[in-house]
Amino acid sequence: MMSLNYERFTTLFLTLVWLLLACLSTGLLLSLGSGWLGVITLWVLVLCPAALLLQSIKQRLVQPFYHLTTTIEAMRLEDYGQRFYSADQSGILAQLQAETSQLCTHLQAYKSARDHQAILLFRLIEQLPSPIAVFDQSNALVHANDAFSNWTGKPWQTQRLTKAHHFSLVQSSGQWQFSHPSLAQQWQLRQSRIPINDSHAHLLILTDVQSVVSQAQRDAWQKMIRILSHEIHNSLSPIKSLAQTLQMLQPGADTQADFDQALAVIVQRSDGLMSFVNRYASVARQHQLHLEEVTTDTLLRPMQALYGSQLTCSATAPFTLHVDVSLMEQVLVNLITNALEASNEPAGVEIVISKTIQYAFIDILDQGPGVSNPDNLFVPFYTTKENGKGIGLVLCKNIVEQHNGQLTLVNRTDQRGARARIQLPLS
């Protein structure tokens, strides 16, 4: 049996109402003795207008749904100019008109924002130097940039809707790859899915592997040069200062001790710098540590000679460390230099040495502004100095960690300034 939908039910109900009215009124006239002339008059003047009225009521009940269907179909096609309309100023139809109008306005704003984002995305793609292509769900080209045109040898506009396999691009199990082995060796393929026109498109980015490798090699060489120049500068600056001091000293028996001490420090730092440069010739391998026993006084004596009155050392009774002396001196030179640059004149730098049963601690304390961004302190090439390289702390940390130690740099709690702490195991 065919089920009754809304329209058929309304038609059947109104028809039954009209038939019931016709039968009752006709039967009543006949029972009252009216002739056929009265019955005909009833049908013409009452029943026919009643049928037209019921038809109008049916149209009134059904017509809003036709309008709503048309509006929803237009919304599905993203045509938000078609709106549901009702002549009622109040009631459920007026409320339905207001709600559908607000929905159309919201969807129209969403469509405008989405189209604007798509335009911005396409403009960004056009500005990028790497070949980029966008394929739809059927793997047909819908957009690309000039770099992709250069890669294919033709303007991408003339190749629009061309299938991806014509560009040696195939999709297998959701992953894109080159069908030609030579392309796979030269180009790296990255992919992403982006929403376009109520569907998901495939964004493919081609990266020239050879150019990336070449650029990485150039960056590596530049970083190595910066590291070496940084270390050489830090060691040569105090050596130059000592040499200038020697030039001002008059030769004589009373200055011979100063001459000998300054020359010994220059020779020691020169040997340490040469050893560091030789060991850092290959950045791919770690430093070869030459561990030896050295007392804390012996380790700090060259620092005191290098920096003079700018450096104050305080410690408990001397004890022995098992370290690579030249590398550890390099760490101390970097940390002391950084501390002096941070401290305000005439404030100097203080070194405090202490120990526990398991560890030795070397604290370098300054009176500068302190650490402003502790999260990036040991990020390579990050620096807050105008002419800084962002290398010294990273090298110091690597050297200390190769001694199975730790290097930390925090703000002081007792006063203004920062504290660099070298923690070394006592073994």
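Numbering of residues begins from 1 in every chain and follows the order in which that chain's sequence is written. Since the coordinates come from a predicted model, pLDDT governs what is reported: local features require at least 70, and pairs of side-chain atoms require 80 or more to be given and counted, while whole-chain, interface and lining totals use all residues. Side-chain calculation: all heavy atoms of the structure are included, whereas hydrogens and water are not.

Moving on, we get to the side chain of Thr100. Under the scheme used here, helices are H or I runs from DSSP no shorter than 4 residues and strands are E runs no shorter than 2 residues, and both carry numbers assigned from the N terminus. As for its placement among the helices and strands, Thr100 is situated in helix H3 (residues 92-127). Pairs of N or O atoms within 3.5 Å make up the polar contacts considered here, provided that, within protein, one atom can donate a hydrogen while the other can accept it, and that residues adjacent in sequence are counted only when both atoms are side-chain atoms. Of note is the side chain of Thr100, whose polar atom sits 3.0 Å from the backbone oxygen of Gln97. Two residues form a contact once any of their heavy atoms are found within 4.5 Å. Residues in contact with Thr100, not counting those within four places in the same chain, are Leu68 and Phe84.

Expected span of a helix, by definition, is 1.5 Å for each gap between consecutive residues, and there is one gap fewer than residues. The first and last C-alpha atoms of helix H1 (residues 6-31) sit 37 Å apart over 26 residues, in line with the 38 Å expected at 1.5 Å per residue. Burial here depends on accessible area, computed with a 1.4 Å probe over protein chains only, as a share of the maximum for the residue type. Under 20% is buried, over 50% is exposed, and the range in between is partly exposed. All of the buried residues in H1 are Thr10, Leu14, Trp18, Ala22, Ser25 and Thr26. Packed against the buried residues of H1 are helix H2 (36-76). Note on H1: the residue one or two positions beyond its end, Gly33, has a positive phi of about 90°.

Right, let's talk about the confidence of the model for the protein chain for a bit. Per-residue confidence from the predictor is reported as pLDDT, which spans 0 to 100. Of the residues in the protein chain, 83% have a pLDDT of 70 or more, and the chain-wide mean is 78. For residues 281-285, every residue scores under 50 in pLDDT, and the model assigns this stretch two contacts once sequence neighbours within four places are set aside. Predicted confidence is poor over residues 386-390, with pLDDT under 50, and the contacts of this stretch with residues over four places away or in other chains come to ten contacts.

It is generally the case that most residues other than glycine have a negative phi and that most peptide bonds are trans. Unlike most non-glycine residues, Asn139 shows phi in positive territory, near 65°. Structurally, Asn139 can be placed in the loop between strand E1 (132-135) and strand E2 (141-144). In the Ramachandran plot, Ser168 falls in the positive-phi region, its phi being about 65° despite a non-glycine side chain. Structurally, the position occupied by Ser168 is in the loop between helix H4 (146-152) and strand E3 (169-172).

Pairing between strands requires that DSSP locate at least two bridges from one strand to the other. Strand direction decides the pairing type here: E1 and E2, joined by three bridges, are antiparallel. Within E2, the position partnered with Ala133 by the bridge is Ala144. In textbook terms, the turn of a hairpin is the stretch between consecutive antiparallel strands, and for E1 and E2 this stretch comprises five residues, one of which, Asn139, has a positive phi near 65°.

Moving on, we get to H3. Residues lying three or four places apart along an α-helix face the same way, a consequence of the helix completing one turn every 3.6 residues. Taking 1.5 Å of rise per residue, the 36 residues of H3 would be expected to cover 52 Å, and the 53 Å separating its terminal C-alpha atoms lies within 8% of that figure. Looking only at H3, the buried set comprises Ala94, Thr100, Cys104, Arg114, Phe122 and Ile125. The inward-facing, buried residues of H3 abut H2, E1, E2, strand E5 (187-196) and strand E6 (199-208).

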